[in-house]
Amino acid sequence: MWAYHSVFYQIYPLGLCGAPFENDGVLMHRIRKINDWIPHIKKLGADAVYFCPLFESDTHGYNTRDYKKIDTRLGDNHDFKEICNHFHEEGIKVVLDGVFNHVGRGFPPFQDVIKNRQDSPYLHWFHINLDGNSNDNDGLWYEGWEGNYDLVKLNLKNEEVVNYLLDVVEFWIDTFDIDGLRLDVAYCLDFEFLKKLRQFCDSKKPEFFLVGEMLHGDYNQRMNEEMLHSATNYECYKGLYSSFNSMNLFEINHSLIRQFGPENWTLYRGKHLLCFVDNHDVSRIASILENPNHLKLIYALLFGMPGIPCIYYGSEWGAEAHKNQGDPALRPSFENPEWNDLTDFICTLAGIKKTSEALNEGAFESILLTNKQCIFKRNTEQETIYVAVNADSEAFMAHFAAGKNQVTDLISGAIIDIADGFLMKPYTAYFLQ
């Protein structure tokens, strides 16, 4: 699967392109702006782009009105088809947000139910009680996602709904030649629906990638041979930043052993989770880390640990935003991409990751661990890489058996003699080959 060897770049298009929050119905070709970002994304080393929702919606994209129409605030289908073509010309895959758990109140079948009630052919597309009422005084009750009534929950056990959504996916593949889907709130999606989606996508386009938004619990419930290829690794997301802020690298190491270690009870050994240090729903990592010297180090762990690294637009140069400022702050418009020392570092990591068998497919083993330092091994029969991080302000002498006296640091290019120990400089990360 191509995704297992890729570096992802996430874009929230309504934000990046400066669209108004409310759908004003005015056609503006804002999404063409993304064409100007393609050289930056390619230079960074990403070879897959994941778009948050970009189809016609009431407000933020997750309350869909029309699955087959690019949001008027962004442009039209022709605009997006051109963008997909440009990405593909540069060897960059395109993954869209599949928001299939719920729709917006402006979704025509739901409006038909409000108008025609029991006479609507779409009555059973949703979870409706005609004897109740809603917060909008519709004269009927309906289930909203987690109590959010602008997100009308679809009935995924209804065959008509399932066929409708599969038709949508077929339209996206045929029209835009997309390469995969990220399933919004996948932890809510019906198992049988996911099986049908996987079967359909496999038959429609081999190597079509399905990754689900998963938060807690056992991701294997929906990440398996019959459903999703991958899941979002929220467990390690928390472990990454928390380990640095508490100066306790045991936390992230515990999660990595639990997920990918050599023991028989390991949860996800051999699987490829989508890993990240921030995204459109959480504070920017540059705003969370208490010590800015840890910013490069957290990206080194992201690219060195098992999984598929995903970079959120703007974070590659250290953009800041706190969740308590509201979602718009997390999903801003940037006039142009920026490039600095952090971007350079991430670019180097991406280049190493994409060409390393050990980092893409290798086993995970913890080698050395203290509160402020960690070394773990990624290896296959052909290649071994030691990922080493010193999160301390002081140098640290590490002793471990690498099987040779000299190693090459793939990040700096330096050849390092470790016969008498490995001197780790303050606030430094190494990929030792």
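A brief report on the enclosed structure follows. (Residues numbered from 1 in each chain as written. Predicted model: local features only at pLDDT ≥ 70, side-chain atom pairs only at ≥ 80, totals over all residues. Heavy atoms only, no water.)

1. Focus: the layout of surface pockets
Any space left empty among the atoms is revealed by the rolling of a water-sized probe across them. The volume enclosed by the largest pocket comes to roughly 330 Å³. Partitioning the lining of the largest pocket into residue classes produces 8 nonpolar, 4 polar and 6 charged. If you add up the space inside the second largest pocket, you get close to 250 Å³. Looking at the second largest pocket, it is lined by 15 residues, and the ones nearest its centre are Asp 409, Lys 425, Thr 428, Ala 429 and Tyr 430. Elements supplying a minimum of two residues to the lining of the second largest pocket: helix 10 (295–304), strand 22 (422–424) and strand 23 (428–432). Examining the composition of the lining of the second largest pocket, we find that 3 residues originate from one element, strand 23, more than from any other. Residues belonging to the lining of the second largest pocket are distributed by class as follows: 10 nonpolar, 2 polar and 3 charged. (1 Å grid on protein atoms, 1.4 Å probe; cavity = no way out; pocket = protein on both sides within 12 Å on 5 of 7 lines; lining within 4 Å. Points joined across faces, edges and corners; volume = space filled by probe spheres on them. Nonpolar A, V, L, I, M, F, W, Y, C, P; charged D, E, K, R; others polar. Helix = DSSP H or I, 4+ residues; strand = E, 2+ residues; numbered from the N terminus.)

2. Digging into the sheet that holds strand 18 (residues 384–390)
Pairing within the open sheet is antiparallel, and its 4 strands lie in the order 16-17-18-23. Each edge of the open sheet is held by one strand with a lone partner, namely strand 16 (363–369) and strand 23. For this sheet, the mean inter-axis angle between neighbouring strands, taken without regard to orientation, is 15°. Pairing of strand 17 (residues 373–379) with strand 18, which is carried by 7 bridges, proceeds in the antiparallel orientation. Across the sheet, residue Phe 376 finds its bridge partner in strand 18, namely Val 387. (Pairing = 2+ DSSP bridges. Axes fitted to C-alpha atoms, helices over the stretch in contact; angles between N-to-C directions.)

3. Considerations on empty space enclosed by the protein
Taken as a whole, this structure holds 2 cavities of 30 Å³ or more when the rule is applied. Reported here for the largest cavity is a volume of approximately 110 Å³. If you trace the largest cavity, you find it lined by Gln 10, Tyr 50, Arg 182, Glu 213, Thr 232, Tyr 234, Leu 274, Phe 276, Asp 278, Asn 279, His 280 and Cys 310. Across the lining of the largest cavity, the residue classes tally to 5 nonpolar, 4 polar and 3 charged. Approximately 40 Å³ is the volume attributed to the second largest cavity. Forming the walls of the second largest cavity are Pro 53, Leu 54, Phe 55, Gly 61, Thr 64, Tyr 67, Asp 97, Val 99 and Trp 172. Among the residues forming the lining of the second largest cavity, the class breakdown is 6 nonpolar, 2 polar and 1 charged.

4. Looking at the nonpolar core
With 137 residues, the main nonpolar core has Phe 8, Phe 51, Phe 80 and Tyr 299 as its most contacted residues. With 9 residues, helix 5 (residues 159–176) is the largest single contributor of residues to this core. The residues contacting Phe 51, other than those within four sequence positions of it, are Ile 11, Pro 13, Ile 34, Phe 80, Ile 83, Phe 87, Val 94, Val 95, Leu 96 and Asp 97. Ranked by size, the runner-up nonpolar core spans 14 residues in total, among them Leu 368, Ile 375, Ala 388 and Ala 402. (Core = buried A, V, L, I, M, F, W, Y, C linked by side-chain atoms within 4.5 Å. Buried < 20%, exposed > 50% of the residue type's maximum accessible area, 1.4 Å probe, protein only. Contact = heavy atoms within 4.5 Å.)

5. Considerations on the pairing of strand 1 (residues 8–11)
Where burial is concerned, the two faces of strand 1 agree: the one with Phe 8 and Gln 10 and the one with Tyr 9 and Ile 11 are both buried. By the bridge criterion, 3 bridges tie strand 1 to strand 15 (residues 308–312) in an arrangement that is parallel. Counted as the bridge partner of Tyr 9 is Ile 311 from strand 15. Inspection of the sheet shows strand 1 paired to strand 2 (residues 48–51) by 4 bridges, in the parallel sense. Across the sheet, the residue bridging to Tyr 9 is Val 49, located in strand 2.

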